[in-house]
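Residue-level listing of the chains:
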Amino acid sequence: MDEHRLGQLRKKTSLLPQEPGVYIMKDKDGKIIYVGKAKNLKNRVSSYFRSVEKHLPKVYRMVENVADFDYIVTDSEFEALVLECSLIKLHTPKYNILLKDDKGYHYIRIEQKPYGRITAEKQKNDKDALYLGPYVSSMVTKETVDEATKAFLLPTCSRRFPQDFRKGRPCLNYHIKQCMGVCTGKISEEAYREALGEAVEFIRTGGIQSVEELTRKMEQAAEELDFERAARYRDRIAAIHKVTQQQKVIAYNHKSLDVIAAVQSPDTVYLSVLVFREGRLRDKRDYSFDSLDSPEQMMEEFILSRYLGAEDPPSEIFLDTPLPDTELVSRLIWEKNGRKLTITVPQRGQSLQLVEMARNNAAQSLSLKTRRTGREVAAVDELGRLLGLEKPPVYIEAFDISNYGGQTIVGGMVVFENGRPEKKAYKKFTIREQHQPDDYAAMDQMLSRRILRYLEHQEKGGAEDGFQRLPDLWLIDGGAGHVAVAREVLRRYDVTIPVFGMVKDNRHRTRAVAGEGREIAIAANRSVFALVTAIQDEVHRYSISFSRQSHKKNSLTARLLEVDGIGEARVTALYRHFKTNKAMKAATKEELAAVKGMNRDAAEKLYAFLHESD
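Residues numbered from 1 in each chain as written. Predicted model: local features only at pLDDT ≥ 70, side-chain atom pairs only at ≥ 80, totals over all residues. Heavy atoms only, no water.

**Student:** Please provide a residue-by-residue account of the overall build of the chain, values included.
**Tutor:** Along the backbone of the chain there are 20 helices and 19 strands. Across the 614 residues in the chain, those meeting the buried criterion constitute 50%. Surface exposure of the chain reaches about 31500 Å², of which carbon and sulfur atoms provide 48%. (Helix = DSSP H or I, 4+ residues; strand = E, 2+ residues; numbered from the N terminus. Buried < 20%, exposed > 50% of the residue type's maximum accessible area, 1.4 Å probe, protein only. Areas by Shrake-Rupley, 256 points an atom, 1.4 Å probe, with all protein chains shown as cover.)

And the structure:
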């Protein structure tokens, strides 16, 4: 980073007013690379050029390319929001959110011929056919076609009509009442055209309006005493109810709704939009982009980019994170689109389930990059949100102290990366010069040694051993007292790592995460609860296992010193040579005597001691 250039930019920010407005970042060629709004121009713009090395990578890259900036003062935050949207659309800056779907388009094709079919297609290749779409999600397109054909009993076989009337027996679909049996020759072209038209209307408007219209037709047919036609409408209504009940999510209370959720990797935001119209899931759209701002500001910019001036905006939006100023965003979209837009962050019930579904879809996109499951990605992202972290804790270190009988005191460190144990990075710590249980002192020693190893790497370099990097999060097995010890260690060495404790209930089950003077409940969030519980159980298992091994070794060491001719130097030499108690016991007298510092007489006495239980 050019310190001279940064100095000039910092000097310029000192002249900025403390008023709302828009700031415009430019590169060395004068090209606009980022546009942002601020409640306080001086505070916001100056934050980019302070402590640059602590910025997230994506922010650092932008600041690295800033050669100058301009600004426009406005009378209100609302005017700043309007101006920001206008400038982004005009200049399409490199570091602002520019919406591009990551998939191709899909269509629903309706043949315009006698006994035409409904099919899902990738291209519009038939100029004589009617096409609905485009849709972004191939899954939703195929499911919609499948629902419509089942609800209105349309054929899906390869036979062509009327050419193949009565040329074979009806297939299984006819007998299980999933096809009207056009092949029998008993369905007139007029009746089929009516069913096909109702299927197209079902796709266009959704299940609610189709049921209402079919109910009206059924009642009218019954009044006219045309009971055969009324029964046909009744069967179609029943089929619609059947296929819609099989659909995983039906938002019947929301005729025009978009559900938006995002997950983050260290350098990219992945976002999914679930589109509901007339109570049915109609489409899914996925986006990925770099974002320079917080999740709340990123979501605000995305919503303005997507919905300001949109042709068919929803009347309601569910989000997984609150906006910095929901009222201003809703007001701007209302003024530009002429339609009211309600933006909410659901907290419970079916609405929250829809948001979780959108987040899981976004996590699936990220999982393809990280080679982790969508559930693991979503858990890490949600943990970061719950703890108020700037980014998801992709790399987590967890610590626990174990005292075995008050004699053997050890510590264990486990690592979870992207939601999974990274066992090659686990570390064991033998607590030195501490002869009685004191969890706080032991935790202080273990964490201090971990940080000192990191600082040694920073100063001298060396081979990678797991200590050369800092984690995104420390989780300590314990409550507020253990967290306070960890924070004191970090303060002592001037290192910044978010720290939280893992708190258990009286049944030794994880119940909360402890922060500064408060506890954050996690039981209601299943993915976070499962992740934190797995981490706490793993670090406890690892430290207990090491404690038992150390205690067993230390107990035998004490007994070895009782053997005539075996002192501390020979015990050290024996363990250096054989590594484990099992290997030492399996050795012959000759192998024991061959150890450096041993002799034949000492080897025979040691052999007898090791095998006295035999």
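Once you've had a look at it, read on.
**Student:** Could you give me a rundown of the packing of aromatic side chains, with the residues and numbers involved?
**Tutor:** The final tally for this structure, using the stated rule, is 13 aromatic pairs. On the basis of an interplanar angle of 85° and a centroid distance of 6.3 Å, the ring pair of Tyr-107 and Tyr-131 is categorised as edge-to-face. Of this pair, Tyr-107 sits in strand β4 (residues 106–110) while Tyr-131 is found in strand β6 (residues 130–135), placing the two residues 24 residues apart along the sequence. By relative accessible area, Tyr-107 is classed as buried at 15%. Each ring, one from Phe-289 and one from Phe-302, has its centre 6.2 Å from the other, and the planes form 25°; the classification is stacked. Taken together, the residues Phe-289 in strand β9 (residues 280–289) and Phe-302 in helix α10 (residues 295–307) connect sequence positions 13 residues apart. Across the pair, Phe-302 and Phe-289 agree in class, each one buried. An aromatic cluster of three or more residues is present, and its members are Tyr-115, Phe-161, Phe-165 and Tyr-192. (Phe/Tyr/Trp six-rings, centres within 6.5 Å; stacked < 30°, edge-to-face > 60°.)

**Student:** Describe the nonpolar core, naming the residues involved and giving the relevant values.
**Tutor:** With 29 residues, the main nonpolar core has Ile-108, Ile-118, Leu-154, Tyr-192 and Ile-203 as its most contacted residues. Of all elements in the fold, only β4, β6, α5 (138–151), α7 (189–205), α8 (207–223) and α9 (227–246) reach the threshold of two or more residues within this core. No other element matches the eight residues that α7 contributes to this core. Residue contacts for Ile-118: discarding those within four places in its chain leaves Ile-108, Arg-109, Ile-110, Val-145, Thr-149, Leu-154, Leu-196, Ala-199, Val-200 and Ile-203. Grouped together as the second largest cluster of nonpolar side chains are 28 residues, Phe-78, Phe-289, Leu-328 and Val-329 included. (Core = buried A, V, L, I, M, F, W, Y, C linked by side-chain atoms within 4.5 Å. Contact = heavy atoms within 4.5 Å.)

**Student:** How would you explain the sheet that holds strand β2 (residues 32–38) if you had to name every residue and give the values?
**Tutor:** Spatial strand order, β2-β1-β3: three strands in an open sheet with antiparallel pairing. Where the open sheet ends on each side, the last strands, each with one partner, are β2 and β3 (68–73). Across the sheet, the axes of successive neighbouring strands diverge by a mean angle of 20°, strand direction being ignored. Where helix α2 (residues 41–48) meets the sheet, it contacts β1 (21–26), β2 and β3, and its direction lies at approximately 25° from that of β1. (Pairing = 2+ DSSP bridges. Axes fitted to C-alpha atoms, helices over the stretch in contact; angles between N-to-C directions.)

**Student:** I'd like a rundown of the confidence of the model for the chain, residues and numbers included.
**Tutor:** When pLDDT is averaged along the chain, the result is 83; 89% of the residues meet or exceed 70. When the criterion is pLDDT under 50, residues 246–252 qualifies, and its contacts beyond four places in sequence or with other chains add up to 16 contacts. (pLDDT = per-residue confidence, 0-100.)

**Student:** Hey, could you go over the layout of surface pockets for me, with residue numbers and the actual values?
**Tutor:** In this approach a probe as big as a water molecule rolls over the atoms, and the regions it shows empty are the leftover space. Estimates place the volume of the largest pocket at around 1300 Å³. Secondary-structure elements contributing two or more residues to the lining of the largest pocket are α12 (349–370), α13 (374–387) and α16 (526–560). Among the elements that line the lining of the largest pocket, the one with the most residues is α12, at 13 residues. Residue composition of the lining of the largest pocket, by class: 17 nonpolar, eleven polar and nine charged. In this structure, the second largest pocket occupies an estimated 1100 Å³ of space. Forming the boundary of the second largest pocket are 29 residues, of which Lys-54, His-55, Leu-56, Glu-390 and Lys-391 lie nearest the centre. Residue assignment for the lining of the second largest pocket shows that the elements contributing at least two residues are α2, α3 (57–64) and α10. Partitioning the lining of the second largest pocket into residue classes produces 13 nonpolar, seven polar and nine charged. (1 Å grid on protein atoms, 1.4 Å probe; cavity = no way out; pocket = protein on both sides within 12 Å on 5 of 7 lines; lining within 4 Å. Points joined across faces, edges and corners; volume = space filled by probe spheres on them. Nonpolar A, V, L, I, M, F, W, Y, C, P; charged D, E, K, R; others polar.)

**Student:** So what about the pairing of strand β16 (residues 473–477)? Which residues, and what values?
**Tutor:** Burial analysis of β16 places five of its five residues in the buried class, the great majority of the element. Going residue by residue along β16, you find Leu-473, Leu-475 and Asp-477 tucked away on one face and Trp-474 and Ile-476 tucked away on the opposite face as well. Taken together, the four bridges between β16 and strand β17 (residues 499–504) define a ladder with parallel strand orientation. Counterpart to Leu-475 in the pairing with β17 is Phe-500. Handedness of the crossover is the feature at issue here: the chain leaves β16, passes through helix α15 (residues 480–493), returns alongside β17, and the resulting connection is right-handed. (Right-handed = clockwise from strand over helix to strand, strands pointing away.)

**Student:** A description of the sheet that holds β4 should follow, citing residues and the corresponding values.
**Tutor:** Pairing in this open sheet of three strands is antiparallel, and the strands run β5-β4-β6 from one edge to the other. Each end of this open sheet is capped by a strand with a single partner; those strands are β5 (118–121) and β6. Pairwise comparison of adjacent strand axes, ignoring direction, gives a mean angle of 20° for this sheet. Judged from the four bridges that link them, β4 and β6 form a sheet pairing that is antiparallel. Paired with Ile-108 across the bridge in β6 is Leu-132.

**Student:** Please give an account of the pattern of salt bridges that cites residues and values.
**Tutor:** This model, assessed by the stated rule, comprises 30 salt bridges. A salt bridge links Glu-111 to Arg-109; its shortest N-O distance comes to 3.4 Å. Classification of Glu-111 as buried rests on a relative accessible area of 7%. Residues Asp-258 and Arg-306 are paired through a salt bridge, measuring 3.7 Å at the closest nitrogen-oxygen approach. Of this pair, Asp-258 sits in strand β7 (residues 256–264) while Arg-306 sits in helix α10; the two residues are 48 residues apart in sequence, bridging distant segments of the chain. What makes Arg-306 buried here is its relative accessible area of 16%. Residues joined in a network through salt bridges with shared partners are Asp-320, Arg-359, Asp-381, Glu-382 and Arg-385. (Salt bridge = Lys/Arg side-chain N within 4 Å of Asp/Glu carboxyl O.)

**Student:** Give a description of the environment of Glu-147 that names residues and reports values.
**Tutor:** Within the secondary structure, Glu-147 is located in helix α5. For the pair formed by Glu-147 and Ile-203, sequence separation is 56 residues and the distance between their alpha carbons is 8.8 Å.

**Student:** Summarise the side chain of Arg-117; cite the residues concerned and give the values.
**Tutor:** Relative to the helices and strands, Arg-117 is located in the loop between β4 and β5. For Arg-117, which is buried and forms no salt bridge, the nearest opposite charge comes from Glu-111, at a distance of 5.3 Å. Polar contacts involving the side chain of Arg-117 include one to the main-chain carbonyl oxygen of Arg-159, which spans 2.4 Å. In this structure Arg-117 touches Arg-109, Ile-110, Glu-111, Pro-155, Thr-156, Cys-157, Arg-159, Arg-160, Phe-161 and Tyr-192, once residues within four positions along its chain are discounted. (Lys, Arg positive; Asp, Glu negative; His and termini not counted. Polar contact = N/O pair within 3.5 Å; in protein donor to acceptor, adjacent residues only side chain to side chain.)

**Student:** Describe helix α1 (residues 3–13), listing the residues and the values that go with them.
**Tutor:** Among the residues of α1, Arg-5, Leu-6, Leu-9 and Thr-13 are the ones counted as buried. The buried residues of α1 all sit within an arc of 100° when viewed along its axis, so they share a single face. Facing away from the buried side of α1 by more than 90 degrees, the exposed set consists of Glu-3, His-4 and Lys-11. (Arc of directions from axis to C-beta.)

**Student:** Let's hear about the pairing of β17: which residues, and what values?
**Tutor:** With six of six residues buried, β17 lies mostly within the body of the structure. The alternating pattern of β17 places Val-499, Gly-501 and Val-503 on one face and Phe-500, Met-502 and Lys-504 on the opposite face, and all of these are buried. By the bridge criterion, four bridges tie β17 to strand β18 (residues 510–514) in an arrangement that is antiparallel. Across the sheet, Val-503 pairs through a bridge with Ala-512, a residue of β18.

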